[in-house]
Amino acid sequence: MDRTRVTVRCADCSFEAGYDRLPAARAALDDHESATDHEVTWDIESLAPGVSQAGADAGVCGRSECVNEDSPLVNPEPPDR
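Given the structure is predicted, the values throughout are model-derived calculations rather than measurements.

Here's the deal with the sheet that holds strand 2 (residues 16-19)
If you trace the 3 strands from one edge of the open sheet to the other, you get 2-1-3, paired in antiparallel fashion. Of all the strands in the sheet, the pair left with one neighbour each is strand 2 and strand 3 (40-46). Direction aside, the axes of adjacent strands within the sheet are offset by 20° on average. Sheet contacts for helix 1 (residues 22-36): strand 1 (5-10), strand 2 and strand 3; angle to strand 3, the most-contacted strand, approximately 165°.

Looking at the confidence of the model for the chain
The predicted model of the chain averages 79 in pLDDT, with 73% of residues at 70 or higher. By mean pLDDT, helix 2 (residues 49-58) is the weakest element of the chain at 73, and strand 2 is the strongest at 93.

Thresholds, definitions, all that
- Residues numbered from 1 in each chain as written.
- Predicted model: local features only at pLDDT ≥ 70, side-chain atom pairs only at ≥ 80, totals over all residues.
- Heavy atoms only, no water.
- Pairing = 2+ DSSP bridges.
- Helix = DSSP H or I, 4+ residues; strand = E, 2+ residues; numbered from the N terminus.
- Axes fitted to C-alpha atoms, helices over the stretch in contact; angles between N-to-C directions.
- Contact = heavy atoms within 4.5 Å.
- pLDDT = per-residue confidence, 0-100.

Structure follows, in structure tokens:
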């Protein structure tokens, strides 16, 4: 399985770091911004295929035409009781 790869970079100094998990990258971004008041960005280089497909199916871009209506993620069935 492919791993998530994220690079965090600061526009105001030489800070740059790579991470294999989104939470760790987000924490580093927040920590550097709050400690330095610098502008920090991240570049998500790759995601595991299932994460990418889930995002595509759910239409995370916010446009209804991006949603895969056949995906169980869009309108999941309620659990059997």
